[in-house]
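Overview (structure and organization)
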Amino acid sequence: VGIIAAFLVRRRRSLRPMWAGVGLAVALCLGAAIAFTVVGSTLSFRARETAEGVLSLVAVGGVSYMVVWMHRHAHELKTRLEEQAAIAIDAGGLALVAMAFFAVLREGVETAVFLLAAFQQTARPLLAGIGAIAGIVVAIGLGYGIYRGGVRINLSRFFRVTGLVLVVVAAGLLASAVHEFAEAGLVTIAQEPAVDLSWLIAPGTVRASLITGMLGLQPIPTVAEAVAWFLYAVPMA
């Protein structure tokens, strides 16, 4: 959005169509998040655990696609966005609304699913919420900095670093999905303890919330969870 806004201002164009698309997409993403939460609260224990596992898998899929796509296209992202914005300007205001709408909607729904999956895995939702808000504020700040021209980022290098972080987080979500499926009785093999991490992940501590929420590691992960974590993290990294 910051790149598109900067391009429009240079072309002496109004930002209103872009902001209309952004606003519509944000509203729809918030509605989707509320719907996911309401539906989840009405399920039985087994159905809820299964749904949480599926939600984690969907989040892993979305993050994986984004990481691979950015790895391939980050170096040309700015040029491609500006080309698409120029085409949208020529097509009229509605095309610009649609461009901003679908750009934010794709990332917004993915963010909603990702955050819901992360909230379900942490014992301290308040801390997870503070982290989510802080991340969104930093993202908005970066976007504004790009728009004003005060932040010049090597997008290829930026997404390489953040992509590696997301790979570790997604590996944790995959391990958490295995954990949820095991609690629902869907995964019954390799349930013996792999390692005792209770000395590091003491339940109820801030450290435990951070490690479980970000890395998906349980105090005593099972063999199935550990295998899933490594089988995803190593090749993706």
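Quick caveat, the model's predicted, so the values are computed rather than measured. (Residues numbered from 1 in each chain as written. Predicted model: local features only at pLDDT ≥ 70, side-chain atom pairs only at ≥ 80, totals over all residues. Heavy atoms only, no water.)

A closer look at the nonpolar core
- By size, the foremost hydrophobic cluster in this structure holds 25 residues, and its most contacted members are Ile4, Leu8, Met18, Leu81 and Met99.
- At the level of secondary structure, the elements contributing two or more residues to this core comprise α1 (2-10), α2 (16-41), α3 (45-73), α4 (77-91) and α5 (93-121).
- Leaving out residues up to four positions away in the same chain, methionine 99 has contacts with Ile4, Leu81, Gln84, Ala85 and Ala88.
- Membership of the second largest hydrophobic core comes to 22 residues, among which are Val67, Val113, Ala170 and Val178. (Core = buried A, V, L, I, M, F, W, Y, C linked by side-chain atoms within 4.5 Å. Buried < 20%, exposed > 50% of the residue type's maximum accessible area, 1.4 Å probe, protein only. Helix = DSSP H or I, 4+ residues; strand = E, 2+ residues; numbered from the N terminus. Contact = heavy atoms within 4.5 Å.)

Things to note about the pattern of salt bridges
- Under the criterion given, the structure shown has 3 salt bridges.
- Residues arginine 10 and glutamate 82 are paired through a salt bridge, measuring 2.8 Å at the closest nitrogen-oxygen approach. Linking arginine 10 in helix α1 with glutamate 82 in helix α4, this pair joins segments that are 72 residues apart in sequence.
- Here arginine 80 and glutamate 76 are joined by a salt bridge, their closest N and O atoms 3.4 Å apart.
- For glutamate 76, a relative accessible area of 28% translates into the label partly exposed. (Salt bridge = Lys/Arg side-chain N within 4 Å of Asp/Glu carboxyl O.)

What about the environment of aspartate 196?
- Mapped onto the fold, aspartate 196 is located in the loop between α7 (155-183) and α8 (206-215).
- Looking at aspartate 196, the relative accessible area reads 44%, which means it is partly exposed.
- Expressed as a C-alpha distance, the spacing of aspartate 196 and alanine 184, which sit 12 residues apart in the sequence, is 22 Å.
- Excluding residues that lie within four positions of it along the chain, aspartate 196 makes contacts with Pro219 and Ile220.
- Within the structure, the side chain of aspartate 196 is placed 2.6 Å from the side chain of serine 198, a separation counted as a polar contact. (Polar contact = N/O pair within 3.5 Å; in protein donor to acceptor, adjacent residues only side chain to side chain.)

Digging into the packing of aromatic side chains
- A complete count under the given rule lists 4 aromatic pairs for this structure.
- Plain terms: the ring middles of phenylalanine 101 and phenylalanine 102 are 5.1 Å apart, the flat faces sit at 80 degrees to each other, and that makes the pair edge-to-face.
- Seen in terms of ring centroids, phenylalanine 158 and phenylalanine 159 are 5.2 Å apart; in terms of plane orientation they differ by 75 degrees. Their pairing is edge-to-face.
- Its relative accessible area of 30% is what places phenylalanine 158 among the partly exposed residues.
- Directly above the ring of tryptophan 69 sits arginine 106, whose terminal nitrogen or CZ lies 5.8 Å from the centroid. (Phe/Tyr/Trp six-rings, centres within 6.5 Å; stacked < 30°, edge-to-face > 60°. Lys NZ or Arg CZ within 6 Å of the ring centre and 35° of its normal.)

A closer look at the packing of α1 against α4
- In contact at an axis separation of 9 Å, α1 and α4 are set at 55 degrees when each is read in the N-to-C sense. By the angle between their axes, α1 is oblique relative to α4. Relative to α4, α1 is oriented so that their crossing is right-handed. Of the residues in α4, those in contact with Ile3, Ile4, Phe7, Leu8 and Arg10 of α1 are Lys78, Leu81, Glu82, Ala85, Ala86 and Ile89. (Axes fitted to C-alpha atoms, helices over the stretch in contact; angles between N-to-C directions. Parallel < 35°, antiparallel > 145°, perpendicular 65-115°, else oblique. Left-handed = near helix turned anticlockwise from the far one by under 90°.)

Description of α2
- For α2, built from 26 residues, the straight-helix expectation of 38 Å at 1.5 Å per residue is met to within 8% by its first-to-last C-alpha distance of 38 Å.
- Of all the positions in α2, only Met18, Gly21, Val22, Ala25, Cys29 and Ala33 are classed as buried. (Expected span 1.5 Å × (residues − 1).)

A short note on the confidence of the model for the chain
- With 98% of its residues at a pLDDT of 70 or more, the chain shows a mean pLDDT of 85.
- Highest mean pLDDT in the chain belongs to helix α9 (residues 223-236) (94); lowest belongs to α8 (75). (pLDDT = per-residue confidence, 0-100.)

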